Amino acid sequence: MKRCCFKRVNREFVVQDGYVLKEETHLTVLKTSLFFPGDGFTAYDCKGQLVFRVDSYGPYTRDKDEVVLMDPRGRCLLTLCRKRPSLHQRWEGFKGERKDSDKAKFSVKRSSIIGRPQTSVMVEVYDNSGVEYRIEGCFSQRCCKVFNIDKKEPMVEICRKVDPTTSVMLGKEVFSLCVKRGFDMAFAMGLILVLDQINGESYFNNEIVEAIVHPL
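Residues numbered from 1 in each chain as written. Predicted model: local features only at pLDDT ≥ 70, side-chain atom pairs only at ≥ 80, totals over all residues. Heavy atoms only, no water.

Naming follows an unreviewed UniProt entry, where the protein chain appears as Protein LURP-one-related 12 of Crotalaria pallida. What UniProt records for the protein chain under Sequence similarities (unreviewed entry) is the sentence "Belongs to the LOR family." (UniProt positions renumbered as here; feature names shortened; annotations may be inferred.)

Written as structure tokens, this is what we have:
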């Protein structure tokens, strides 16, 4: 058995080993439709190669209780399902295509039933007892972090993207996803999809906020 040349955080949730890299990784995430929240995403690496995609169509996307994260070839990596009824807007994640007999691998929910933009979001991993994450910040403004509760360090950072040629901050439909080494990129992208569903914000809101920017 080959040994990894980096120390993985104890009992992290992994969708696929191939998405757990040895170094910090930056992805550019693009909202593929500006008309309806939750209407699709694509994610690219620093070389412009497609890494993830989410395809959904039409104005009633948010009425659906299931979102699927796929690889570039359209293979299902994660299925995210809304738990109903739930005052905390609880979602559950399943590896691959969900079947009726499958058990959820993790859950994501707001820490408060009051839907404020700054309300923190909690992530619990079912298979690994004691593994929890807290998401702080404001996803609607593309400025938030995913913390490992045990180590109290950010594992994922989401921030507004700046055009390196003009130093102009781009719109909220394009943003940066920074994934720390040893953390699964597919899991990080799945959290983005849930945050998008929970927030349901308008992409025509031009409110300006200060954001942390990481160069790609």
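A few words now on the environment of Phe94. As for its placement among the helices and strands, Phe94 is situated in strand S6 (residues 91–95). By relative accessible area, which is 3% here, Phe94 ends up buried. If near-sequence neighbours (up to four positions away) are discounted, Phe94 is found in contact with Leu77, Leu78, Thr79, Cys81, Asp102, Lys103 and Ala104. (Helix = DSSP H or I, 4+ residues; strand = E, 2+ residues; numbered from the N terminus. Buried < 20%, exposed > 50% of the residue type's maximum accessible area, 1.4 Å probe, protein only. Contact = heavy atoms within 4.5 Å.)

Here we take up the nonpolar core. By size, the foremost hydrophobic cluster in this structure holds 45 residues, and its most contacted members are Phe52, Phe106, Leu177, Phe187 and Met189. Considering every element that reaches this core, the biggest residue donor is helix H1 (residues 185–199), with eleven residues. Among all residues touching Phe52, those that are not within four sequence positions of it are Tyr19, Leu27, Phe41, Thr42, Ala43, Leu69, Met70, Leu77, Met185, Ala186 and Met189. (Core = buried A, V, L, I, M, F, W, Y, C linked by side-chain atoms within 4.5 Å.)

This part is about the pattern of salt bridges. Counted by the stated rule, this structure contains eight salt bridges. A salt bridge links Glu24 to Lys180, with the shortest nitrogen-to-oxygen separation between them at 3.0 Å. Of this pair, Glu24 sits in the segment before strand S1 (25–31) while Lys180 sits in the loop between strand S14 (174–179) and H1; the two residues are 156 residues apart in sequence, bridging distant segments of the chain. Take Glu24: its relative accessible area is 39%, and that puts it in the partly exposed class. As a salt-bridge pair, Arg82 and Asp65 come within 3.1 Å of each other at their nearest N and O atoms. Of the two residues, Arg82 sits in strand S5 (residues 76–82) while Asp65 sits in the loop between strand S3 (50–55) and strand S4 (66–70), which places them 17 residues apart along the sequence. Judged by its relative accessible area of 15%, Arg82 falls in the buried class. Residue classification places Asp65 among the partly exposed residues on the basis of a relative accessible area of 29%. (Salt bridge = Lys/Arg side-chain N within 4 Å of Asp/Glu carboxyl O.)

Right, let's get into the packing of aromatic side chains. In the structure shown here, the tally under the stated rule is nine aromatic pairs. With a centroid separation of 5.0 Å and 40° between ring planes, the pair formed by Tyr19 and Phe52 is classed as tilted. One end of the pair, Tyr19, is in the segment before S1; the other, Phe52, is in strand S3, and 33 residues separate them in sequence. Comparing Tyr19 with Phe52 shows no difference in burial state: the two are buried. For the ring pair Phe106 and Phe187, a centre distance of 4.9 Å and an interplane angle of 65° mean the geometry is edge-to-face. Of this pair, Phe106 sits in strand S7 (residues 106–110) while Phe187 is found in helix H1, placing the two residues 81 residues apart along the sequence. Every member of this aromatic cluster is reached through a ring pair, and the members are Phe13, Phe106, Tyr133, Phe183 and Phe187. Positioned over the ring face of Phe139 is Arg142, at 4.5 Å from the centre of the ring. (Phe/Tyr/Trp six-rings, centres within 6.5 Å; stacked < 30°, edge-to-face > 60°. Lys NZ or Arg CZ within 6 Å of the ring centre and 35° of its normal.)

Bridge count between strand S9 (residues 132–138) and strand S10 (residues 143–148): six bridges; the pairing is antiparallel. Pairing of Tyr133 across the sheet is with Asn148, part of S10. Following S9, the chain reverses through four residues before pairing antiparallel with S10; Arg142 in that reversal takes a positive phi of roughly 60°. The turn joining S10 and strand S11 (residues 153–160), which pair antiparallel and follow one another in sequence, is formed by four residues; a positive phi near 55° is taken by Lys152. (Pairing = 2+ DSSP bridges.)

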